[in-house]
Amino acid sequence: MKLSLLITFIFLFAACAPDDGTSNNINNDNNINNTNNTNNTSNTNNTSNTNNNTNNTNNTNNTNTPVVQIVSPNDGDFVDNPVLFVIGAQWVDTVQILAEDWPLSDPWDPAQSLELEYTFQGTGSLRTINLKGFDSAGNEVAQDSITITVNEDEFDPGIYVGQQMYNTYYYFPREEDFAGADDTTLYDSSCNPVAVVPADFSDTVCIQGSGILDTGTVISYASTCNCGRVCPTGGTICYMLLDQSEYPWGMGSFSNPIEPLRSWAVDNSIISAGSVIYAEQWDGVSIPAIDGIGGFIHDGCFRADDTGGWINDYHYDFFAGTHDMWQHLETVYPSYSYFDVYVDTPKCAYLTP
């Protein structure tokens, strides 16, 4: 019984033993397959990594970087008036073009237009043109710049007035700028009281000709009269009340509105009322933004809007608008500077009343 069991066991063992290493080969094949599977997994991961890298690159390329560019004219070009600027813009809300630091227009939405036409008054010299892009909060987020030279135009200055003229300035006083008690009465031409103001304001508005009360009412010279405070320059002045919407800066000599930085008071025997005027030395002068006026390069064009008791012969009074603007203009051309002045100048015809 025991012998029989032993023989059976030996037989079974022989039947299960490896034949010339066949089982090892099978195992090796399995190992190779396992290695291939591992490699395939690695390749799959590598492919995924590659795709991820590609996606990352695309994401970088899709970053919304604000860009503005002056497409035309080209940097260094010589150009004729009017100059047409063509721009490109991406990812900005508004754009603005400036010559040096002076805006050629208000900011605008480039989605509405990519062009701006501008006529330069100062010609023949190199100008730096800046294009700026702004975000929705008004922050500058992009810029581009070029230099151009605007070719000199053939220029007709008009008719020379005969000799050089010299300047003074006047402005529009505001009662709110004057301290002191309201102790001085202003009257209209019928000697009816129109306001009670500080004495210093009364003296100043008498000299300047127009002004504005604390109430927002504009007053302007009406006539000489026999009531009220005597003006420092002599005589007593009575006033008329004006509609501020029609005469925000006072009234000129022919019932016309006067305009800061454009209106002159002149002797009408030298320059007729309403004439357009060209003053050569003012052409190209940078006027800064002060008190809500200015902020442009002057073209030398003015209009004969006013007269004055002290304005005789070749003397003109330049309406500066505000006290602080007057003070600045004194640093540019002090009072009693001399100028070459012309009338009927074609380029100033746009100021014809």
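Here goes a summary of the coordinates provided. (Residues numbered from 1 in each chain as written. Predicted model: local features only at pLDDT ≥ 70, side-chain atom pairs only at ≥ 80, totals over all residues. Heavy atoms only, no water.)

**Thoughts on the overall build of the protein chain**
What the protein chain contains, in helices and strands, is four helices and 21 strands. Per-residue burial over the protein chain gives 36% buried out of 353 residues. Summarising the internal contacts of the protein chain: among those between residues at least 6 apart in sequence, 66% fall at separations of at least 24. (Helix = DSSP H or I, 4+ residues; strand = E, 2+ residues; numbered from the N terminus. Buried < 20%, exposed > 50% of the residue type's maximum accessible area, 1.4 Å probe, protein only. Contact = heavy atoms within 4.5 Å.)

**A short note on helix H3 (residues 199–208)**
With eight of ten residues buried, H3 is to be regarded as a mostly interior element. Those residues of H3 that are buried lie in contact with strand E10 (165–171), strand E11 (184–187), strand E12 (193–197), strand E13 (210–212), strand E14 (218–224) and strand E15 (237–242). Gly209 sits one or two positions beyond H3 and adopts a positive phi of about 100°.

**Section: a negative patch on the surface**
Where like charges cluster on the molecular surface, the negative patch consists of Asp80, Glu152, Asp153 and Glu154. Looking at the secondary structure, you find Asp153 in the loop between strand E8 (140–150) and strand E9 (159–160). (Patch = residues over 30% accessible without salt bridge, like charges linked within 9 Å, V, L, I, M, F, W, Y side chains within 5 Å. Areas by Shrake-Rupley, 256 points an atom, 1.4 Å probe, with all protein chains shown as cover. Salt bridge = Lys/Arg side-chain N within 4 Å of Asp/Glu carboxyl O. Lys, Arg positive; Asp, Glu negative; His and termini not counted. Charge placed at Lys NZ, Arg CZ, Asp CG, Glu CD.)

**Brief notes about the side chain of Asp188**
Residue placement: Asp188 occurs in the loop between E11 and E12. Of the side chains with opposite charge, Arg229 comes closest to the buried, unpaired Asp188, at an N-O distance of 18 Å. If near-sequence neighbours (up to four positions away) are discounted, Asp188 is found in contact with Val194, Cys227, Cys238 and Tyr239.

**Quick notes on the sheet that holds strand E3 (residues 83–90)**
Reading across from one edge, E1-E3-E6 is the order of the three strands in this open sheet, with antiparallel pairing throughout. Among the strands making up the open sheet, the edge pair consists of strand E1 (67–72) and strand E6 (115–118). For this sheet, the mean angle separating the axes of adjacent strands, direction not counted, is 25°. (Pairing = 2+ DSSP bridges. Axes fitted to C-alpha atoms, helices over the stretch in contact; angles between N-to-C directions.)

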